[in-house]
Amino acid sequence: MVAKYESFISSHYAAIAKAKYGKAGVVGIFELVQRIKEIFLTVITDSYRGQIVIAHAIDGKPLFPRPKVFSSADLLVELSGDILVQPLGGKYLVYRKPRINLKALSMRAIVYVWNSGLEHFILKGVQGEIPKINALDTSFFAIPTFHSLSEALERYGLGSALNCSCPILEESWAEKARLFFKPGPEKIMRTSLHQFLHATMRGAEVRPEQIVDASHPVDIQVAWNLVGSLALIEIKWLGQSRAGRKRRGGHSEGRALVGAKQLAGYIDKNKPFSPYKTARGYLVVIDGRRRGIRPGQRKIRAADGLYHSTREIVYRPQYHITRTDFAPAFRFFVRPEIA
Amino acid sequence: MNSAPEAFLDSTFIIDRLSESRPNIVASEVHLLAYLACLLSIYRGEPASNWGYSFAGTELGAPFSPDIDDSLNTLSCDGYIRQSDADLFSVTQGGKAWLKRMCSLRTFSDRQIPLKAACDCVSLLPLPLLQSGLSKEPSLAMTAKLKQRRPLLDDVGRNRLYDQFAVIGKTWGKDAHELSFAATSWLSALLHVSGEVS
């Protein structure tokens, strides 16, 4: 355990920066991370096509002649394609250098590289790994954080689930086109949402599979520090699953209604176990329904694949109206790849 | 209650520093960063008793200081900090002027180094992960395991902490510019060992 711990610390990107560039490396990489954050606030990573290199020159001079100068990070939003950005003196120098030798550049600059959701530093020729949260497709330095669970869930729905940009959630599908789930995808879905909330929820403890009464576990529990509030999250999936070419089962709208009833029961059962905490229930429905699919199918037309995308579920009873401890359900439709 | 004067400085310092670069913070995050600053002071070689006030661990494995709690209430009543409807804190103009005066006192000069480093950690490691990493330090990990509130940094907890700090010390020094990286690489290692980041 100590060896693993020691090895991680000595191979941390900042430790490499210190070893390679000395004090200038430590100060420089801290400064560089601040600029990376600023740039990622303006460059929308999931739609950006191309490689972004951000470099901090150790000697504090322009890296190449004739850069295009931007006075603030906001203006970088107009950029596209492969770019090299050098933050310098409160400005951003941008170079179009598609064939730049990054290893050579790293001899005189701390180099950060982002490409299609993958990121790393290059430090005098050595690659410095950046921690990765698999449930998020953004830079580790630009992870969004939330005080509100509803806001976090909305971000998960739009950012991680809708186009299945979460690599963990992607594992729940039987094929690349996202038509059928694998058998029993609940565990994967729970891991995906748990990891997302764990990395983004501020001031709270997020735990998977927590027992709410003598025997029933709820999928995810969020407990806010010092406040005494508790959220119980139940996840249900809609759609069909297959194993090989055989249909293994499926769930339609009724499954969401069953989930709501089940969650209402959990909240009631939890009360004697957490008498000093106010619990609120959140039903999360991962919706992978497709119209008219059959095992073996590999493609789908938009009309069938997106048929359920805007068809909301009508809940009976409407716990979110009749009870104060039940949030409106979150339905996260996951788009298929359209042929 | 008569809270330690250090807690007043620490609360105002943390709230002011964090509101410079990101959305304001809630009470539990002030306790969290004050505790991290206390640990960084220990890493720099100060005894825990020199910090000026103590902490307990909650059942959830989060740090809590009655002195910080009281300072937040008093500073709010006195108009030095304000709390929004969403329970987010910010420092008022009067609070900023008071903080500037306190920071200029020699009594408080040393603690500003670990306080600043603790706040800088937020820009290197997202706050939720910083909290999760810190919950795995020896004293807090024990409170979470026992699921009961208990004082932090007792003899056993401190000794195990010194062991971990000895490992960090092989890579990182104790100067101000290295402190936030010493902290974040330590917390990231705790997260990595527990499998929470890859």
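For the structure, check the block above.
What you see is a predicted model; the values in this text were computed from it and never measured. (Residues numbered from 1 in each chain as written. Chains lettered and ligands numbered in written order. Predicted model: local features only at pLDDT ≥ 70, side-chain atom pairs only at ≥ 80, totals over all residues. Heavy atoms only, no water.)

1. Considerations on the sheet that holds strand E6 (residues 118-123) of chain A
Residue and element names in this part refer to chain A. Pairing is mixed across the open sheet formed by 7 strands, whose spatial order is E2-E4-E3-E1-E5-E6-E7. Edge positions in the sheet fall to strand E2 (68-70) and strand E7 (126-129), since each has one partner strand and no second. The mean angle between the axes of side-by-side strands here comes to 25°, regardless of whether they run parallel or antiparallel. Summarising the sheet, strand E3 (residues 83-88) and strand E4 (residues 91-95) pair through 5 bridges and their orientation is antiparallel. Paired with Leu88 across the strands is Lys91, a residue of E4. The strands touched by helix H2 (residues 13-21) within the sheet are strand E5 (109-115), E6 and E7, with E6 carrying the most contacts at an inclination of about 20°. Sitting on the sheet, helix H3 (residues 23-42) touches strand E1 (51-57), E3, E4, E5 and E6, and the angle it makes with E5 is about 30°. (Pairing = 2+ DSSP bridges. Helix = DSSP H or I, 4+ residues; strand = E, 2+ residues; numbered from the N terminus. Axes fitted to C-alpha atoms, helices over the stretch in contact; angles between N-to-C directions. Contact = heavy atoms within 4.5 Å.)

2. Quick look at the pattern of salt bridges
Side chains that differ in charge, positive against negative, can pair when their charged atoms come close. Taken as a whole and judged by the stated rule, the model has 27 salt bridges over all chains. Across the salt bridge formed by A:Glu6 and B:Lys170, the nearest N and O atoms sit 3.0 Å from each other. Here the residue A:Glu6 occupies a position in helix H1 (residues 2-11), and B:Lys170 occupies one in the loop between helix H8 (155-169) and helix H9 (176-193), the pair thus bridging two chains. By relative accessible area, B:Lys170 is classed as exposed at 59%. Linking B:Arg17 and B:Asp120 is a salt bridge whose minimum nitrogen-to-oxygen distance equals 3.5 Å. In this pair, B:Arg17 is assigned in helix H1 (residues 5-19) and B:Asp120 in helix H5 (residues 112-121), connecting sequence segments 103 residues apart. Here B:Arg17 falls in the partly exposed class, since its relative accessible area comes to 25%. Through salt bridges with shared partners, a single network forms among A:Asp268, A:Lys271, A:Arg323 and A:Asp325. (Salt bridge = Lys/Arg side-chain N within 4 Å of Asp/Glu carboxyl O. Buried < 20%, exposed > 50% of the residue type's maximum accessible area, 1.4 Å probe, protein only.)

3. A closer look at the packing of aromatic side chains
Tallied over the entire structure, the rule returns 23 aromatic pairs over all chains. Ring geometry for A:Tyr282 and A:Phe330: centres 6.5 Å apart, planes at 25°, overall stacked. Of this pair, A:Tyr282 sits in strand E12 (residues 278-287) while A:Phe330 is found in strand E13 (residues 330-333), placing the two residues 48 residues apart along the sequence. According to the relative accessible area criterion, A:Tyr282 is buried, its value standing at 8%. Geometrically, the ring pair formed by B:Tyr53 and B:Phe55 is tilted, given 5.3 Å between the ring centres and 50° between the ring planes. This pair shows no difference in class: B:Tyr53 is buried, exactly as B:Phe55 is. Following the ring pairs from residue to residue traces out a cluster consisting of A:Tyr13, A:Phe40, A:Tyr112, A:Trp114, A:Phe121, A:Phe140 and A:Phe141. The ring of A:Tyr307 is capped by A:Arg311, whose NZ or CZ atom sits 3.8 Å from the centre of that ring. The ring of B:Trp51 carries B:Arg111 above its face, with NZ or CZ at 4.0 Å from the centroid. (Phe/Tyr/Trp six-rings, centres within 6.5 Å; stacked < 30°, edge-to-face > 60°. Lys NZ or Arg CZ within 6 Å of the ring centre and 35° of its normal.)

4. Some details on the pairing of E12(A)
Residues and elements named next belong to chain A. For E12, the buried fraction is high: 8 of the 10 residues fall into the buried class. Relative to E12, strand E10 (residues 229-243) runs parallel, the two being bridged by 10 bridges. Looking at the pairing, Lys236 lines up with Val285 of E12. Here 4 bridges tie E12 to E13, and the two strands are oriented parallel to one another.

5. Re the environment of A:Thr310
Residues and elements named next belong to chain A. The topology assignment puts Thr310 in the loop between helix H9 (302-305) and helix H10 (319-322). Overall, Thr310 belongs to the exposed group, its relative accessible area being 63%. In sequence terms Thr310 and Ile100 are 210 residues apart; their C-alpha atoms lie 46 Å from each other.

6. Some thoughts on the layout of surface pockets
Considered as a void within the structure, the largest pocket measures approximately 940 Å³ in volume. Residue lining of the largest pocket: 35 residues in total, with B:Ser135, B:Lys136, B:Leu190, B:Ser194 and B:Glu196 positioned closest to the centre. Elements represented by at least two residues in the lining of the largest pocket include exactly H1, helix H7 (186-200) and strand E8 (204-211) of chain A together with helix H6 (127-134), helix H7 (138-146), H8 and H9 of chain B. Split by residue class, the lining of the largest pocket holds 16 nonpolar, 10 polar and 9 charged. (1 Å grid on protein atoms, 1.4 Å probe; cavity = no way out; pocket = protein on both sides within 12 Å on 5 of 7 lines; lining within 4 Å. Points joined across faces, edges and corners; volume = space filled by probe spheres on them. Nonpolar A, V, L, I, M, F, W, Y, C, P; charged D, E, K, R; others polar.)

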